Every structure is written in structure tokens, then in C-alpha cells.
Amino acid sequence: FSEADTPRTQMTNDTELSITFSIREHERAISNAILLEHFTKTFLHLRRAVVLAHRGGHWTLLQNTCRELWNYTQEAMSIAKHSHSLQELFPITSDILISTIWLPFYLASDMILDMIIELQMSNSLKIFEPEGDFCVPSCVGGIADEDGGSNLTFSCPLDDINVVDLRWICGLVLRTIELLYQMKKWEALVHIAMHFNTITHERYTEQVTPLLVFAQRQLLERMQQFGSPDSPQTHLIKYLDDDVNKINCRNFIGKQLHISSIFNEKVKNICILQQKILNKSSNGSQAKPIVSVLLDVTDTLKCFRETLEKSKYHSRALRHSRKLLSLFLAHTQEILQINNQQDLKVQALHELGNLYFYAGKKRAAFKHWCQALDETLKIPDVLNNWQELVGFSKNVIDDFTDESFKHFSEKCIHQAGIWGCLHAAVLAAKIAQYILTSNMTIRTKCCIFSAVLFKTLFRLSIPHPTADCDFAQYEIHKLIPGIDLFSDRYRADISTVVASLSFLIFELHCAKQNLIVLPLFALYQYFVSEICRDPVKCIEGRILKFKVLTDLGFFAEAFHELCLLNHGKKIPWKVPAGYRLIGKIMPFQKFNSSKSLLMNTNLQVLEDTFNLSLPPAVVSMCDEQIMNKLTLAKMHFIICLSATINSIPEKVMKTIYSVDASSKKPINTEVAGHQEQSTITVQLVGCKEELNMAMLKGILLTEAEERLNSLVTNIQNKYDGKISQCFAVELETIIEATLQLTAISQQRHQAAFSIALSLSAIRLLQDAKIFRKNVPHIQRSGALSPETSFVDNQDSYVDNVQMPCNAIAQEHMNIRLWLRCRLALVAAVTSQIRGIGDVKENDMTECSRLINEVIIEAEAFNDIETQAEVLVQAVILDLQERRPVTGIKLLLQDIINLLQEKPFISPKAFLTLVKSMLLLADILTAQMDEDTEHHSSAIERLNLLILSHKITIKQIFTFGEQTKQCIKDPALTSPVVPLTNNYLPAINLLAKVKMRIGHALAQEVACTSKKKNPLQWLSALRHLETALELCRTSATRELDLEAEILFQKGKVERQITEAGNNKSPLAAESLLDAIKVSQRNDQNFRLVRKSYLEIALLYFHLSVYQDEASQTIKIEASKTKFFSPLRGSVDNDFERISHVTEVYRAQAWIAIRAATQVSEAMLASQLLIGKKGVKGHQVKTITQQKIPEFAFMDLLASYKDFLSGIPLSYSCRTFNESM
């Protein structure tokens, strides 16, 4: 070292330091000794378990014990690979491991092979080839049955694992031979190899016999070295020359040798003779030349040549090509095709495509993958034609149904087999991931095709669900009984399948295809938990599933996934089989989807989401990035639940709902910001009596914002505030947190702050260093010393960038994330335009320009759903600017055509489609009101509404809700109330559709002579009553919608009252309810005024009805004037009716006066918001303090105020305090 590297002062006593080191070394030595002892005993007990299971003839137990031996070994070898860097912590090296496991593996293989012979003798295994030249028949066939690989369809006997798993047993024996070769246990190797060759009739002789011959020669050399006679196995000469009882390598295990020992005793089994000689000898040298296995190399080679002559050329070619990769693979395809080995050919095509892709030749890879896909499913150009295979319609209404999926699955399984479907699914996923990167629509379609192929695996066994929504909480314990999908890695590789599923789940989630993803989650969890036993991937999968279920509105199922994580349940051990138990399992809290958030159970769920964390045992398996993902998923859950509260959030003091967990006392707001977040717990159940929905929404958004800001701040501090220089994983986390903060600001109606956050997310993507070609070195704070060279820093950075987690995160930050950020910006800008503040012309121009830019970007990457969402924002902007209706109608028709022509649109796109249809229907209604001659518009509007009703009903049914069908009038079909999930966004949408259908039907009746028949109004009334019931059932109570439905219902009821000549004031109750609902919500003056006028019309009708009744009484009185007893009764009735008539007239007059006052208030409100040239004045400070925050931000704030150096994690209150 240089002088600069030498410490200037030495403050530690050398003696004390040496004592400390000696103590540590002693403790480490004891720990290592304990670990080595435990490790040795583990395999000792496994070895004994194998022997005992074999002696007892417990064949299933023997196989399970051997599998446990295999699993332990795999895990130990995985750790031993890194033992060079963990010598102090894990002293078991590869050499120690191999020397420990070879004997258990030898015994396991020997006894498993004995088990097969016993099962064959008892007819428990089907014989596929008789004895022939061998001493035993074979249950696996001979080399003539070997094609060099596995077919994609089920084939006996290797795929049948009901009794024994022959493919796995062959792998175990081959691994044992490899270990014996490494340990130079030549005699044991010869014994196992001959035993295995005999039972398999030399089917695997190409792998086994070369090692067998080598081991025999090694034994011959050893015998010659220790002075063996010229004929080293004199006791076998008789049997070698005897034609009848001749011994060779094919019948050696079936012979029981009888030889004379040096004591002239008849001894069975040569091993006993060896032991006696060994005991008599003074040293071990006399035992060296003695062996108990056949060493006739000539005979072994002769049998080897004979067997090779029976083998298939294409089988040897494929095996050799796979060893030499691309050198002979292309030529091998032709050989396989000539020999009609289609399944093996498509595997070779797949592998050749992989090689082309790794070589950077994407076009060639695409060609070979597509060819492999077509030939696997036996369908030409299947990637483009798969939808037409069973007559799928491209109309969005006639999308994938259970019946069509069943037909498609059965066809694929029949043509391609089990592994063919799995192989095709992986191929389609690879094409989508690596080839189709610039066309989002085609990429999503390819991903859906892959997902459908993966889902066909569920059709191979009866008990699995069929509907996607039924997979929300479905867990697989056995996918296909009796079959091991991954017995041959060339046919189906578990790591490739898991990687493909991981890509599909994330990609479809980003494409908002969350419902299709649910069956894939069931497969993914089964593979990583039951087969791979990978706890980290299991946790990551459950976090993503938690987020997907939240986006679907399945909050109960989403919280169940969170509970599984919080309780550490269903997280697998790697070894042994089973799941990790984390302490005492407490009962799960459940979210009630049919109740309000203010219910005790749901408030407790919100508390647990904030307060509960993962158990320490689970945290120990997670790195920082996984914990950040969990935090983001939990806050996403809170934000989505908050979005279902249709109220303006209120500010609530922390002292009301928070306590310090360490002291169990309410927190002090003055020091709350300095306390650790983990010590503060949220308690909502205790303050339930003080809460309302607006307060609850404020609490949820505040707590979520604090946690997101804390997460962002921690990453900022790690890089000294230079977020653009962080790695891909952390950059993805910050962008996701920023978008969630944007959503929080939107719910608070802080449009300006929301715009600023959206712009910051976009700038992060633009300025990120990881997307630059020449990346300079990045230095974390305190991570590198000044003396560290630039080259070392550069190498370290490149290594971190190339880490799998960073590579995956960088792949996630693609065009979808960019468009998502741009869409958030568009939503924020348009919400500010629609606000109550003064809108400048430049703001409108800037908003229009932004919308056009995003539309062009979405068109460039063919992202139709994003394009449709932005076009809807453009329509709303045009409506606000009062642009010509003709252009707006064309825009809406473009949106509808875009989404209707696209197959497999996402659930969110369904909502966008229906909203566009409703907007178009409203425009057509307005045109009809202006021009009564538009009869074609009325028909077009009603057809549009019926179509939107059909789409919405289908969406609700797809999400698992039951529907009540109406055969006579399909438009009367509705969900069965009470619903199981009141939080579905389509419920309110269906209420809006039914309200408009009811209104359209009422208008149709009112324009004809049918209006005098009260029965003609009942259909419209039924639609309105159903709409009102759905609106009140929905967790998102839209009071303005409820008021509108009540108003329309009251109008129809008034018409029924007039047509039926009855005196029921029922319509007045509906209209008064509409006024009350509107007054406590948005005070819609127009609706209130119309409601009062309708009430006036109703009471005028009732008064006229009473007048007519009084006239009738007068006529009757005139006829009965000579009968005085009746005259008194008639007079009383006349006075009573006259009084009621006057009351009705008075009520009508009151309603008219109320409507007049509402008209005056309407005029004043128009003047207040500046529609009549009201002058603007500076708002005083005292007035500012009295204005609610959401109104203050909407009136006076601009997003530019937040871009002047204010850190990202600051809240909008910082700006307010600076004003």
C-alpha cells in the first residue's frame, strides 16, 4: 500500500485487538463445527431413511425420501456455488458437499432400481419391452423408443407418474453416476451403470456406457498396479466361457455367483469374500485388486455398438446438436422432419430462435419462433388468425365467452397436447416481449393469446374454475394429477415458464387487462410456491396481485392477499416441502364489499393497512425494493378506496385518529413530524362516531401522502437529491409514487399541484441517466471514497445497472409508462380548465396542444385505449368551449369505432366506451329538444343506449355479479340486488344508462297518443326505479345522479297520475326528494327549479281533478234537492273537496314562488362566477383563510407555482403558507 493508504494514528491497543479477534475466530470455529455436524447428520438420516423404506418395501415413501434428498442437495449446491464469498458464514464448500452426498445418492439409486425390478415382477408397472438379451424386462422401453427428446403430447411411460416417476428416476441415476465419477468411486459407478443399463435396456447407453467403460479401465489399471494376476477375475472365467450361463454386462445383475473362498466354504455374494480377505490381510493393499463387478471391457463395447445400431439417427443428431447448440441445429431440423418427428422439430426451432435472438438477429428469431408456434398448434399463421379459429367476432359485444374458450382449449389440447399448449404459450410470450415492442395493440393481443394458451392447462382437470373472476382467491395445490410438466427441460423449462408468466402478468396489468391476469396469478403462485419453492418470487407475486385486484375493484379479495403477507401465510420453504409458519396464526380481518367504509369491519381494514407490517421472518427475505413495492401497493389500495368516496376531503387533526404506539397516547401535533412513522398508528374505529365520509377521505389521503413522501425522500437522500441519477429500480419506484401523489391531488381538487407532479414524473423519465448511451459514473452519498478510481466506479455502476432487478425495472419503463404519465398530465390540465377559476385563452390553447400531442404519441405506438381516453378529454374540452356539435359528434363516433373494432378491450376501456356512448346520446337528445323533427335521432339514441346497456350488463356479469334476465325486453335485464360488491365502477354507469333509457322511453310515449294510457309509462318507470336502486346501492354515492333520477322518476309519476285520473301525490315525494338531495350536494339550480315547476303542474292537475269532482257533486246535489237527508251529506263533501282544492292551488303557487326564487339565485350564481362581466379584485388575506383549500387551489393557484425549486415530497400546503 502507499503511504496515503496507511492510517496516521493507531488508537486501538494491539493486545486487546488480538484478543477480540481470537474470541471471534473461536466462536466462528464452534459455529462452523456445529453447522458441519448438522449438515453431515442431515444426509446420514436421509441415507438411513432410504434404507429403511427399501427394506420395508414402502415404495412411495422411498420415492418421497429420495426426492427430499434431491431437494436438500439442490439447495445446498446452490449455496455452495457462492461459498467462496461466504467462507466465514458458510464453511461447506462444493468438495465437502460432494464427499458427503455421494454415498446417499449411490444407495438411493441402487434401491430405486431394485424397486423398479420388484414392481415389474409384481405387475405394478407396465412392461414396454420384454427381456430379450437382458435378464429383466423394461418398463421404459429400449433405445429404439428413444427419439432424443420428449413429445409435446402425453406419452407413456415417462409422462405417467402415478406409480413411479421414471423420468425423474433416470435423472437421479444419471446424477449419481456423475457424482461417482467426480469422487472416483469406479466400482460403485460400474455397478450402478450396469444396473441402470439393464433395467432401461440401454436406452440411455450414449450417456452411461462411455463412463462405464472408463470406470472399468480404471479398475483394471488399479488391479495391475497392485500386483493382480494376468487374469484379474479368475473366479469369473468359468462363467465368462460358459455359453449357457455366460455372464456379460446385460445379465450380470441377474446372476448369483457361487465361488469357493480360501477357507473352502461355499459363499454367496462376492462382497462377503472380499470382506473376509480384507479382515485377514495386514493392510488394505490385498483388497485393492479385488473387485465385485464385471470388468470385461470388450463385452461392454460390443454391447454398446450393438445398441447404437438400433438407435435412431435423428435421436443422436438432436442430442448432439443440443450439445453443440447452433452448429448442427438447422441441419437437425431437416432430419427430424424427414423422420416425421414434428414435436422434436418445433423444440429445435424454438431453440434456434433463442440463439438468433441472443446473437442480436431479431428478424431471424421472430421467423423461427413463429414457425415453431405454427407447427406446434398445427395452424398456419396462428399469431394473426387465432381469433377466427372458432368464429370469434371482432365486435366488442361478442367477446371471449366460456363456451368459445372451452371450444378453443379443447381444439388446442387435441392438436398440440399438454406440453404443446405450454410450449406455444411460452413462444407467444417471447414474441410479445422481445419482438412486438412498438405496436401496443398487437403486443397486447399476443399477450392475451399466450394467456389463453396458459389457461388451457386448467381444462385438463375437472375441479378448476372457468370464469376469470373466480380465480381472484383461487389457489392450486395440484394442477394436473399424475403428470410432471417439467420432467424434461427441453420440452418445458420451469425457469422460462415462470419468466414468461411474470412478463405476461405485468404487461397485461399495464394494459389494464386485469381480469385476464387472475388465472395467470394462480399458475404463477403454483409454480413458484409448489415447484420452485421460491419465497421471494411468491411475495412479489402476491404484492402485484394485491395491486391488480385493487384496480379491478375487488377490495375484499385484495385485502385477503395483504393479510396473507401480513400473517406470513402460504410463503413456501425452499426445503423441506411445505409452507413457512410465522408464529401464531391469527384470524384474518375481512373487508365487506357490500357495506360502507364507515362500518366497523371496513374501518378496521383501513387501520390494518396502515398499521400492520410484514413479520420479521418475511422481512428478512425481502430487500428494500420489495418493501417499497409493498408500500406503493398499500397506498394504491387506500387511494382507490378513497376515490369511491364522492365527497370533498376534509382536514382532520391527527390527535383525533392517531396515537403513539409506544406510549398509547394521542400524538402531539407539534412533534408528530419528528416521530418515527412506525411508532404512530391510525385508529379509526375508536373515533367512528366523529367521522363522516368527507373526514374519512381526508384522513386516508393525508396518511397516504405522508408515507409516499417519506418513501420519495429516502431515495432522494440516498442520491443527494439527484433523482435522475438513481438506478432503474429506484427510478421506477419514484415515478410510481409521484403518479400516486398526482392522484391524491386530483381527489383533493388541487389541479395545479397535480399538474406539477405529473410534469415532474415526465421530467424524471426524460432526464434519467440510465437511458443515455454513454452513462457517467454515479456516486452514492458516502458510498465511495475520494481515492476510488473512476474506472472502478464505472465498473461498479455498470454491474449494478446489469443486475436482473434493474434490467427488469428498465424494461418496465417503456412507452406504456410514458403514456401513463402523459395521460395523468392531460387529466390534471383538463380538470383545471373545468374548475371555477378564471380560464385564460392561453390555458385553453395549451391544453388543446397537449391533448393533440398525446393523441399523436398514442397513434404512433397504436395504443388505442389511451388514444380513446385522451379523445374523451378532448370532447369534454370542446363541450366546455361550446364548439360546434358536429365536430364533437364526429369525435365521439371515432372513439366508439376505435373501441368497438378492437377485440379484447380492457374493463376500463369498456367504461370509456359506455361513457362515450352516453355523451353521444346526450348530444342527440339536445338536438331533439332543439328540433322536434329529428325522429331518426330518437331511434339512433335509443339504439345507442340499449347497446351501452348490453355492454355494461355484460361487464357486471363478467365481474361475478348475478343478473336477472328479462326475455321480453332485454333492456330490463339488471343485476340482482343486493350486490356482492358495491364498489364496482360499472354500477353507477349502469344507473346512468337506465336513467337515460327511461327518459328516452318517456319522451317517446309523451310524443304520441299513448300518453293518455298509464300502462304505457310503466316501462320507463321500471327503468328509473332500477336506476335509483343501483345508484343508492353503489358505494360511490353520486348524489347529483340520484337527484337527476328522482327528478325523472317524479316526472313520469306525474304523467301516470294525469293519465290515470287519480289523486296520488306520490310524484311530489320523488320531486321533493330530488330537491333535498341536490341541496345537500351540488345545489343544481336548474334541476331544483324544474322540480318545483313539476310539483306545481302536479298540484294544478290535482286541483283541477278536485274541481271536476266538486262539479259532479253539485250536479248530484241538484238532483237530490228534494231529499233533505242526503242534501246535508252532499254539502259536507262539497265543502271538503273545495278545501282540498284550495290547498292544492296554494301548494302549486308556493312551488311556483320557489321556482322563481331559484331562478333569481341561478342568475346571481352566474354573475358570481363571472359570466356577466363581473370585475376581478385582489383577494384579501382574511378572506383567503376562510376559503376552503380545494376552492383556493382551484381559483388562485397555477402549476407553475410548484415548479420553482420546491422539493417533490412537499405537500401543497407549503404553497398555501407561502402565499
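Residues numbered from 1 in each chain as written. Predicted model: local features only at pLDDT ≥ 70, side-chain atom pairs only at ≥ 80, totals over all residues. Heavy atoms only, no water.

Draft legend 1. Layout of the overall build of the protein chain. Scanning the protein chain from N- to C-terminus turns up 44 helices and 9 strands. The 1219 residues of the protein chain split such that 50% are buried. As displayed, the protein chain has an accessible area near 59,100 Å², and 53% of this comes from carbon and sulfur atoms. (Helix = DSSP H or I, 4+ residues; strand = E, 2+ residues; numbered from the N terminus. Buried < 20%, exposed > 50% of the residue type's maximum accessible area, 1.4 Å probe, protein only. Areas by Shrake-Rupley, 256 points an atom, 1.4 Å probe, with all protein chains shown as cover.)

Draft legend 2. Spotlight on the pattern of salt bridges. Per the counting criterion, the structure on display carries 41 salt bridges. Here E306 makes a salt bridge to R250, at a shortest N to O gap of 3.2 Å. Here E306, found in helix α9 (residues 297-310), pairs with R250, found in the loop between α7 (237-241) and β1 (258-260); they are 56 residues apart in sequence, far enough to count as distant. With relative accessibility at 29%, the residue E306 sits in the partly exposed group. Looking at R250, the relative accessible area reads 5%, which means it is buried. The residue K547 makes a salt bridge to E736 at a minimum N-O spacing of 3.4 Å. Of this pair, K547 sits in helix α19 (residues 535-552) while E736 sits in helix α26 (residues 728-747), placing them 189 residues apart in sequence. Connected through salt bridges with shared partners, the residues D133, E202, R250 and E306 form a single ionic network. (Salt bridge = Lys/Arg side-chain N within 4 Å of Asp/Glu carboxyl O.)

Draft legend 3. Seen up close, the confidence of the model for the protein chain. Residues with a pLDDT of 70 or more make up 78% of the protein chain, whose mean pLDDT is 81. Counting interchain partners and residues more than four positions distant, the pLDDT-below-50 stretch residues 1-12 has 2 contacts. Scored below 50 in pLDDT, residues 775-797 makes 24 contacts in the model with residues more than four places away or belonging to other chains. (pLDDT = per-residue confidence, 0-100. Contact = heavy atoms within 4.5 Å.)

Draft legend 4. Representation of the packing of helix α4 (residues 166-183) against helix α6 (residues 205-225) in the model. Where α4 meets α6, the axes come as close as 11 Å, and the angle between the chain directions of the two elements is 25°. It follows from the interaxial angle that α4 and α6 lie roughly parallel. As α4 packs across α6, the resulting crossing turns out to be left-handed. Contacts from L174, I177 and Y181 of α4 reach α6 at Q207, V208, L211 and F214. Looking at the contact of α4 with α6 residue by residue, the classes come out as 6 nonpolar, 1 polar and no charged. (Axes fitted to C-alpha atoms, helices over the stretch in contact; angles between N-to-C directions. Parallel < 35°, antiparallel > 145°, perpendicular 65-115°, else oblique. Left-handed = near helix turned anticlockwise from the far one by under 90°. Nonpolar A, V, L, I, M, F, W, Y, C, P; charged D, E, K, R; others polar.)

Draft legend 5. Here's a closer look at the packing of aromatic side chains. Tallied over the entire structure, the rule returns 26 aromatic pairs. Consider the rings of F357 and Y358, whose centres lie 6.0 Å apart with planes at 65°: the pair is edge-to-face. Classification of F357 as buried rests on a relative accessible area of 18%. Ring plane angle 70° and centroid distance 5.9 Å describe the contact between F555 and F637, whose orientation is recorded as edge-to-face. Highlighted residues: F555 in helix α20 (residues 555-566) and F637 in helix α23 (residues 624-643), separated in sequence by 82 residues. Aromatic ring contacts, followed pair by pair, group F546, F555, F559, F591, F637 and Y983 into a single cluster. It is R489 that lies over the ring of Y490; its NZ or CZ is 4.3 Å from the centre. (Phe/Tyr/Trp six-rings, centres within 6.5 Å; stacked < 30°, edge-to-face > 60°. Lys NZ or Arg CZ within 6 Å of the ring centre and 35° of its normal.)

Draft legend 6. Structural context of helix α5 (residues 186-199). A rise of 1.5 Å per residue sets the reference length of α5, with its 14 residues, at 20 Å; its end C-alpha atoms lie 20 Å apart and thus fit the reference within 8%. With respect to burial, α5 is a largely interior element, 12 of its 14 residues being buried. All of the buried residues in α5 are W186, A188, L189, V190, I192, A193, M194, H195, F196, N197, T198 and I199. Residues of α5 that are buried in the fold lie against α3 (94-121), α4 and α6. Backbone geometry just after α5 places H201 at a positive phi near 55°. (Expected span 1.5 Å × (residues − 1).)

Draft legend 7. Representation of the environment of D374 within the structure. For D374, the position within the fold is in helix α13 (residues 362-377). Taking the C-alpha atoms as reference, D374 lies 8.6 Å from A424; in sequence the two are 50 residues apart.

Draft legend 8. Molecular detail of the side chain of T444. The residue T444 is located in helix α16 (residues 440-455) in this model. Classification of T444 by relative accessible area gives buried; the value is 6%. Among residues more than four places away in sequence, those in contact with T444 are L508, A511, Q513 and R816.

Draft legend 9. Fine view of helix α21 (residues 600-611). The end-to-end C-alpha distance of α21 is 16 Å, a good match for the 16 Å that 12 residues give at a rise of 1.5 Å each. Among the residues of α21, N602, L603, V605, L606, E607, D608, T609 and F610 are the ones counted as buried. Structurally, α21 contributes buried residues whose contacts are with α20, α23, β7 (680-682) and α25 (693-718).

Draft legend 10. Focus on unusual backbone geometry. The residue after C156, namely P157, is reached through a cis peptide bond having omega 5°. The phi torsion at Q1083 lies on the positive side, around 50°, for a residue other than glycine. Mapping Q1083 onto the fold places it in the loop between α39 (1066-1079) and α40 (1085-1119). Using a relative accessible area of 45% as the deciding quantity, one classes Q1083 as partly exposed.

Draft legend 11. Representation of the environment of L711 in the model. In this fold, L711 is placed in helix α25. Taking the C-alpha atoms as reference points, L711 and I734, 23 residues apart in sequence, are found 8.1 Å from one another. What L711 contacts, discounting residues up to four positions off in sequence, is N628, T631, L632 and T733.

Draft legend 12. Layout of the packing of helix α38 (residues 1039-1060) against α39. Interaxial distance between α38 and α39 falls to 8 Å at its minimum, and their mutual angle equals 160°. Considering their axes alone, α38 and α39 lie roughly antiparallel with respect to each other. Here α38 and α39 pass one another in a crossing that is left-handed. Counting all contacts with α38, which are made through L1039, E1042, A1043, L1046, F1047, K1049, G1050, K1051, E1053 and R1054, the residues of α39 involved are L1066, A1067, S1070, L1071, D1073, A1074, V1077 and S1078. Taken together, the residues that form the contact of α38 with α39 break down as 9 nonpolar, 3 polar and 6 charged.

Draft legend 13. Local environment of the environment of A874. Assignment of secondary structure puts A874 in helix α32 (residues 864-880). On the basis of relative accessibility, which here comes to 10%, the residue A874 falls in the buried class. Placed 27 residues apart in sequence, A874 and C847 show a C-alpha to C-alpha distance of 9.0 Å.

Draft legend 14. Main features of the state of the cysteines. Evaluated as defined, the whole model comprises 0 disulfides. For the unlinked cysteine C421, the closest cysteine sulfur is that of C412, found at 5.2 Å. (Disulfide = S-S within 2.5 Å.)

Draft legend 15. Highlighting the nonpolar core. Within the largest apolar cluster, 255 residues are counted, with the highest numbers of intra-cluster contacts made by L377, F449, F454, L479, F527 and F554. The element contributing the most residues to this core is helix α15 (residues 402-435), with 17 residues. Apart from the residues within four sequence positions on either side, L479 is in contact with L457, F458, S461, H464, L485, L523, Y526 and F527. Ranked by size, the runner-up nonpolar core spans 65 residues in total, among them A53, C170, A188 and Y204. (Core = buried A, V, L, I, M, F, W, Y, C linked by side-chain atoms within 4.5 Å.)

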